[in-house]
Amino acid sequence: MNDALVLNWFGEDDTLTEGLREEFRGSLPPRPLKTIRLGTKYANAIEPGDQIAISISDDSNNPNVIGLARVLAVKKGTIEYFGRTMEGLENNIGAGHWERVLRDMQWVYDKANVKIDSVVTIIEFVPEKTA
């Protein structure tokens, strides 16, 4: 694999990552997808046009890359902002509305004290076909 930044999904429950896996199996035409991440780490590390690696692994230090993707957009703001405007929530993997985003992020980042005014990064990407 190249030196692309890795975006990881935890895969302890296969039903939560099956849709993502399907997008990278190549049986569907590539379509833009979005993910929401707590904080600004990714907003500060990637920009449109960058290639990223998509991983499903319960150990983020040992990624299991399922494919590569191209970044289309990166936005940062608060959960409240995205909830009020609904900007960025369409085509999100897993969460379709901001209340679910808040609830899911509180579950994923249980120790991070996620609140409505927490800053998040929305990353829009499209899977890349492999040769």
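Numbers given for residues are sequential positions, taken from 1 along each chain in its written order. Residue-level local features of this predicted model are given only where pLDDT is at least 70; pairs of side-chain atoms are given and counted only at 80 or more, and the full residue set underlies all totals for whole chains, interfaces and linings. To get the side-chain values, all heavy atoms of the structure are used, and hydrogens and water are removed first.

## Brief notes about the environment of Val65
Stated precisely, the cut-off is as follows: Numbering of helices and strands runs from the N terminus; a helix is a DSSP stretch of H or I covering at least four residues, while a strand is a stretch of E covering at least two. Note on classification: 1.4 Å probe, protein chains only; a residue is buried when its accessible area is under 20% of the maximum for its type, exposed when over 50%, partly exposed between these limits.
Within the fold, Val65 resides in strand S4 (residues 65–78). For Val65, a relative accessible area of 32% gives the class partly exposed. For the pair Val65 and Ile54, spaced 11 residues apart in the sequence, the C-alpha separation amounts to 5.4 Å.

## Description of the pairing of strand S2 (residues 33–38)
Counted only if it meets this: Between any two strands, at least two bridges found by DSSP are needed for them to pair.
The buried fraction of S2 is high, at five of six residues. With six bridges connecting them, S2 and strand S5 (residues 119–127) associate as antiparallel partners. In the sheet register, Lys34 faces S5, and the bridge partner there is Glu124.

## Re helix H1 (residues 14–24)
Defined as follows: Working note: the arc is built from the helix axis to C-beta atom directions.
Along H1, the positions that sit buried rather than exposed are Thr17, Leu20, Glu23 and Phe24. The arc that holds the buried residues of H1, viewed along the axis, is 100 degrees, so those residues lie on one side. Where H1 terminates, the next one or two residues include Gly26, which has phi positive at roughly 90 degrees.

## Concerning a nonpolar patch on the surface
Heads up, the rule is: Surface patches are drawn from residues lacking salt bridges whose relative accessible area is over 30%; two like charges belong together within 9 Å, two nonpolar side chains (Val, Leu, Ile, Met, Phe, Trp, Tyr) within 5 Å. Residue exposure ignores everything except the shown protein chains as possible cover, and the areas themselves are Shrake-Rupley values with a 1.4 Å probe. The rule for a salt bridge is simple: a side-chain nitrogen of Lys or Arg has to be within 4 Å of a carboxyl oxygen of Asp or Glu.
Side chains of Leu16, Trp107 and Val108 sit close together on the surface and give an oily, nonpolar patch of about 340 Å² of accessible area. With respect to the element layout, Val108 can be found in helix H3 (residues 98–108).

## Considering the packing of aromatic side chains
The condition that has to hold: Any two rings among Phe, Tyr and Trp, with Trp reduced to its six-membered ring, count as a pair given centres within 6.5 Å; such a pair is stacked if its planes are under 30 degrees apart, edge-to-face if over 60, and tilted if neither. Cation placement over rings: the criterion is NZ of Lys or CZ of Arg within 6 Å of the ring centroid and within 35° of the ring normal.
Tallied over the full model, the rule gives one aromatic pair. The aromatic ring of Trp9 is capped on one face by Arg37, whose charged end is 4.4 Å from the ring centroid.

## With respect to the side chain of Ser118
What counts here: In what follows, residue pairs with any heavy atoms lying within 4.5 Å of each other are defined as contacts.
With respect to the secondary-structure elements, Ser118 resides in the loop between H3 and S5. A relative accessible area of 12% places Ser118 in the buried class. Apart from the residues within four sequence positions on either side, Ser118 is in contact with Leu38, Gly77, Thr78, Ile79 and Asn113.

## Regarding the sheet that holds strand S1 (residues 5–9)
Just so we agree on the cut-off: Angles shown run from 0 to 180 degrees and are taken between the N-to-C directions of axes, each axis being a line fitted to C-alpha atoms and, for helices, limited to the stretch in contact.
Taken in spatial order, the five strands of this open sheet run S1-S3-S4-S5-S2, and their pairing is mixed. Two strands lie at the open edges of the sheet, namely S1 and S2, each paired on one side alone. Along the sheet, successive strands turn relative to each other by an average axial angle of 40 degrees, direction set aside. Of the strands in this sheet, S1, S2, strand S3 (51–56), S4 and S5 are in contact with H1, which crosses S4 at around 120 degrees.

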